[in-house]
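A structural walkthrough
Here are the chains, one letter per residue:
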Amino acid sequence: MMRAMLGSRNIMSRTIQPSILLVSKRLDFRPFSFTARGPPKIIEANTEVSTLENGLRVCTENISGETVTVGVYIDAGSRYEAASNNGVAHFLEHMIFKGTKTRKQRELEVMIEDMGAQLNAYTSREQTVYYTKLFKKDIETGMEILADILQNSIMSLSAIERERDVILREMEEVNKQHEELVLDLLHDAAFKNGGLGRTILGPQENIETISRRDLYNYIETHYTAPRMVIAAAGALDHDYIVHLSQKFFGSYPKESRTDFPVDFDQAQFTPTENRIIDHNEPQAHIALAYEGAHWTSAFSVPLMILQTMIGYYDRLSTPANAAEDSPYPLIRSLANASFDFSSHLSQQQQQQQFEIFDVCHSYMAMNTSYKDTGLITFYFVSPPQTAKITISIIQTYLASLSKPGSFDEHDILRAKAQLKANIISQLDALNNVCEDIGRQYLTYHRRMPLAEVIARIDAVTAEDLRATANHFLTNKPHAMAAYGTIDDLPSYDHIHISNFNK
């Protein structure tokens, strides 16, 4: 089956882990080196970059070993869709592996399996990625397969009909994951009627009606060379990758071949909410969000540090006494609130209803950036009885961040160290390095040296963090999504007003 070839297909609707994709800063000087063949080569940090005549960029990093990861990163995702064809980018991701003009689906599977390789893809709101990981001796075959599936996929009518059921079952599975469901509801509330507000899979009615022509229209509109980056990391030679890119991707068009819009609609933050009451889910799953920073904002690095400082909590992995002594103020506040809540219960109630003693079962802060906006999100799970308390504690904590003296220097240093360690550790795997290269060149048109990333983090001061909190979190409107047993959750207006009274 194709899924065995692809591995687990990721549906990336958000970005929750820190990335090296930080603040854009154009370099005034870029060293060039010329080779006997191919276009000029730019050397940035450890990354070599060449641009083909059609505008396609080839970006590589040589890392010793026996394997290579190479991917095609496309500046197109679900936010580039209209309401009428929402879901087509993800549908296309499924169909691209169903056979080409020269290979049947099973032949593709066998070729990948015989090489001991992996072939995968994912769709996000702003990007679509197709990539393979394979031995260095098989680079040419791997890149030829990527080119074949992207340029020659048949997408037969029978395969399209079969895939509808697959995607509908996938939708059912995604909606069973409460976090995914709530975050999709949150995007709809935060960007109502806009591209970012729509789900990646699309609504059921679209999945049932997307046509072969819709798929080809999306390709012909958005899959153009200037919007594509071929990124590779591992045991490779840059000039050879450029040669193969020219051979297999050099004929990609420079411009759209349709009359459909090629750009996304401008994001507009809409402070609204979505609620789904479901008594089959005994807990309250709630996401509270504020408008955040876009990728190239000067606030993006301070926000990453703030996210790290806020931390995350899960009662299953954090004993109560450890939560009370946590270095994170929000965790301590929640632990103290849990103690206060349980102190009002009798000993028998405490023994019989231990589940409800925790004001908050888990929470995590997320800093999601897009091209023109962002979301600062606090997602938590709590007993229905204490959801209101948890929201109030979070609002009180966020309001405190903009006050003078709100940041302890030791806490800042610890958060910076954790963020830097997280960023560096992500670059231990070839897949992550390739991902970092592709995303940075799509987002910033360059790749920042790690030393610059570290310097940007180290340069952030307590006053920067306070100003950032004041800009994004103090007396600001919110968007919210809630699911589960949420009958007693305060109204949106009540939460909105209380946010301005902290």
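Residues take numbers from 1 onward in each chain, read along the sequence in its written order. For a predicted model such as this one, the threshold for reporting local features is a pLDDT of at least 70, and the threshold for listing and counting side-chain atom pairs is 80 or more; totals across whole chains, interfaces and linings nevertheless cover every residue. Excluding hydrogens and water, the side-chain values take into account all heavy atoms of the structure.

**Quick word on the overall build of the chain**
Convention followed: By the criteria applied, helices consist of DSSP H or I runs no shorter than four residues and strands consist of E runs no shorter than two, each listed in order from the N terminus. Note on classification: 1.4 Å probe, protein chains only; a residue is buried when its accessible area is under 20% of the maximum for its type, exposed when over 50%, partly exposed between these limits. Contact between two residues is taken to exist if any of their heavy atoms lie within 4.5 Å; hydrogens are not considered. Only the protein chains shown count as covering a residue, and every accessible area follows the Shrake-Rupley method with a 1.4 Å probe.
Along the backbone of the chain there are 19 helices and 15 strands. Here the chain holds 502 residues, and the buried ones make up 56% of them. Excluding contacts between residues fewer than 6 apart, the proportion of contacts in the chain whose partners are at least 24 apart in sequence is 81%. If you sum the accessible surface of the chain, you get close to 21,400 Å²; carbon and sulfur atoms cover 52% of it.

**As for helix H6 (residues 178–190)**
Basically, it comes down to this: A helix's residues, less one, multiplied by 1.5 Å, set its expected span.
An ideal rise of 1.5 Å per residue puts 18 Å on 13 residues; H6 measures up with 18 Å between its terminal C-alpha atoms. Of all 13 residues in H6, 10 are buried; the element is thus mostly enclosed. Listing the buried residues of H6 in full gives Glu180, Leu181, Val182, Leu183, Asp184, Leu185, Leu186, His187, Ala189 and Ala190. Where H6 is buried, its residues contact helix H5 (157–176), strand E10 (273–277), strand E11 (284–291), strand E13 (362–369), strand E14 (374–382) and strand E15 (479–484).

**Quick word on the packing of helix H14 (residues 387–400) against helix H19 (residues 492–500)**
The criterion, for reference: Convention adopted: a line fitted to C-alpha atoms gives each axis, helices being fitted over their contacting stretch, and angles between N-to-C directions are expressed from 0 to 180 degrees. When an angle is under 35 degrees it counts as roughly parallel; over 145 it counts as roughly antiparallel; between 65 and 115 it counts as roughly perpendicular; any other value is oblique. The sense of a crossing depends on the near helix, which, turned anticlockwise from the far helix by less than a right angle, makes the crossing left-handed and, turned clockwise, makes it right-handed. Residue classes follow a fixed rule: Ala, Val, Leu, Ile, Met, Phe, Trp, Tyr, Cys and Pro count as nonpolar, while Asp, Glu, Lys and Arg count as charged, and any other residue, Gly among them, counts as polar.
At their nearest, the axes of H14 and H19 sit 10 Å apart, and the two run at 30° to each other. Accordingly, the angle class assigned to the pair H14 and H19 is roughly parallel. When you trace H14 past H19, the crossing you get is right-handed. Between H14 and H19, the contacting residues are Lys388, Ile391 and Gln395 on the first element and His494, Ile495, Ser498 and Asn499 on the second. Grouping the constituent residues of the contact of H14 with H19 by class yields two nonpolar, four polar and one charged.

**Some words on the environment of Ile154**
By the element assignment, Ile154 lies in the loop between helix H4 (139–152) and H5. Here Ile154 falls in the partly exposed class, since its relative accessible area comes to 36%. A sequence separation of 59 residues divides Ile154 from Met95, and the C-alpha atoms of the two residues are 8.6 Å apart. When residues no more than four places from it in sequence are discounted, the contact partners of Ile154 are Gly99, Thr100, Lys101, Arg212 and Tyr216.

**Some words on the environment of Glu66**
Structurally, the position occupied by Glu66 is in the loop between strand E5 (57–62) and strand E6 (67–74). With 71 residues separating them in the primary sequence, Glu66 and Lys137 have C-alpha atoms 8.4 Å apart. With residues up to four places along the chain from it excluded, the contact list for Glu66 reads Leu134, Phe135, Lys136 and Ala235.

**Section: unusual backbone geometry**
Located in the positive-phi region is Asn193, a residue other than glycine, with phi close to 65°. On the basis of relative accessibility, which here comes to 70%, the residue Asn193 falls in the exposed class.

**Here we look at the packing of helix H2 (residues 88–95) against H5**
Viewed as axis vectors pointing N to C, H2 and H5 meet at an angle of 115°, and their least axial separation amounts to 10 Å. Seen from above, H2 lies across H5 with right-handed handedness. Taken together, the residues of H5 that come into contact with H2 (itself represented by His90, Phe91, His94 and Met95) are Ala159, Ile160, Glu163, Arg164, Val166, Ile167 and Glu170. Broken down by class, the residue content of the contact of H2 with H5 amounts to six nonpolar, two polar and three charged.

**Remarks on the pairing of strand E4 (residues 47–51)**
Which entries qualify depends on this criterion: Here, any two strands with at least 2 DSSP bridges between them count as paired.
Summarising burial for E4: four of the five residues are buried, a large majority. Of the strand pairs in this sheet, E4 and E5 are connected by four bridges, and their pairing is antiparallel. Bridging across to E5, Thr51 finds its partner in Arg57. Adjacent in sequence and paired antiparallel, E4 and E5 are bridged by five residues, among which Gly55 carries a positive phi angle near 100°.

**Concerning the nonpolar core**
Just so we agree on the cut-off: Among buried residues, those of type Ala, Val, Leu, Ile, Met, Phe, Trp, Tyr and Cys that are joined through side-chain atoms within 4.5 Å constitute a nonpolar core.
The biggest cluster of nonpolar side chains holds 57 residues, and the ones touching the most others in it are Tyr130 and Phe249. With seven residues, the top contributor of residues to this core is H4. Among all residues touching Phe249, those that are not within four sequence positions of it are Asn54, Leu56, Val72, Met143, Leu146, Ala147, Leu150, Gln151, Ile230 and Leu244. If you look at the next biggest cluster of nonpolar residues, it comprises 51 residues, including Ile286, Tyr444, Ala469 and Met480.

**Description of the sheet that holds E14**
Reading across from one edge, E10-E15-E11-E14-E13-E12 is the order of the six strands in this open sheet, with mixed pairing throughout. Only two strands of the sheet have a single neighbouring strand rather than two, namely E10 and strand E12 (312–314). In this sheet, adjacent strand axes meet at a mean angle of 15° when their direction is disregarded. Sheet topology places E12 next to E13; three bridges connect them, and they run antiparallel. Residue pairing in the sheet places Tyr312 in a bridge with Met364 of E13. Along the sheet, H6 contacts E10, E11, E13, E14 and E15; its crossing angle with E15, the most-contacted strand, is approximately 145°.

**Thoughts on the side chain of Ser369**
What counts, and what does not: The definition of a polar contact used here is a pair of N or O atoms within 3.5 Å, where within protein one atom must be able to donate a hydrogen and the other to accept one, and adjacent residues in sequence count solely through side-chain atom pairs.
For Ser369, the location among the structural elements is in strand E13. Given the relative accessible area of 5%, Ser369 is considered buried. At 3.1 Å, the side chain of Ser369 and the backbone oxygen of Ala293 are in polar contact. In contact with Ser369, not counting residues within four places along its chain, are Ala293, His294, Trp295 and Gly374.

**Things to note about the pattern of salt bridges**
Basically, it comes down to this: The term salt bridge refers to a side-chain nitrogen of Lys or Arg lying within 4 Å of a carboxyl oxygen of Asp or Glu.
Throughout the structure, instances matching the rule amount to 25 salt bridges. The salt bridge involving Asp411 is made with Arg414; its shortest N-O contact spans 2.8 Å. Of this pair, Asp411 and Arg414 both sit in helix H15 (residues 409–426), separated by three residues, roughly a single helical turn. Among the residues examined, Arg414 registers a relative accessible area of 21% and is labelled partly exposed. For Arg466, the salt bridge goes to Glu463, with nearest N and O atoms at 2.7 Å. In this pair, Arg466 and Glu463 both sit in helix H18 (residues 462–472), three residues apart, roughly one turn of the helix.

**Some thoughts on the packing of aromatic side chains**
The condition that has to hold: In this analysis, rings of Phe, Tyr and Trp, with Trp reduced to its six-membered ring, are considered paired at centre separations within 6.5 Å, and the interplanar angle assigns stacked below 30 degrees, edge-to-face beyond 60, and tilted for intermediate values. By definition, being over a ring means that NZ of Lys or CZ of Arg is both within 6 Å of the ring centre and within 35 degrees of the ring normal.
On inspection of all chains with the given rule, the structure shows six aromatic pairs. Taking the centre distance of 6.2 Å and the plane angle of 70° together, the rings of Tyr218 and Tyr223 count as edge-to-face. Taking the relative accessible area as the measure of exposure, Tyr223 reaches 0% and is therefore buried. Of note, Arg79 hangs over the ring of Phe264, and the distance from its end group to the ring centre comes to 3.7 Å.

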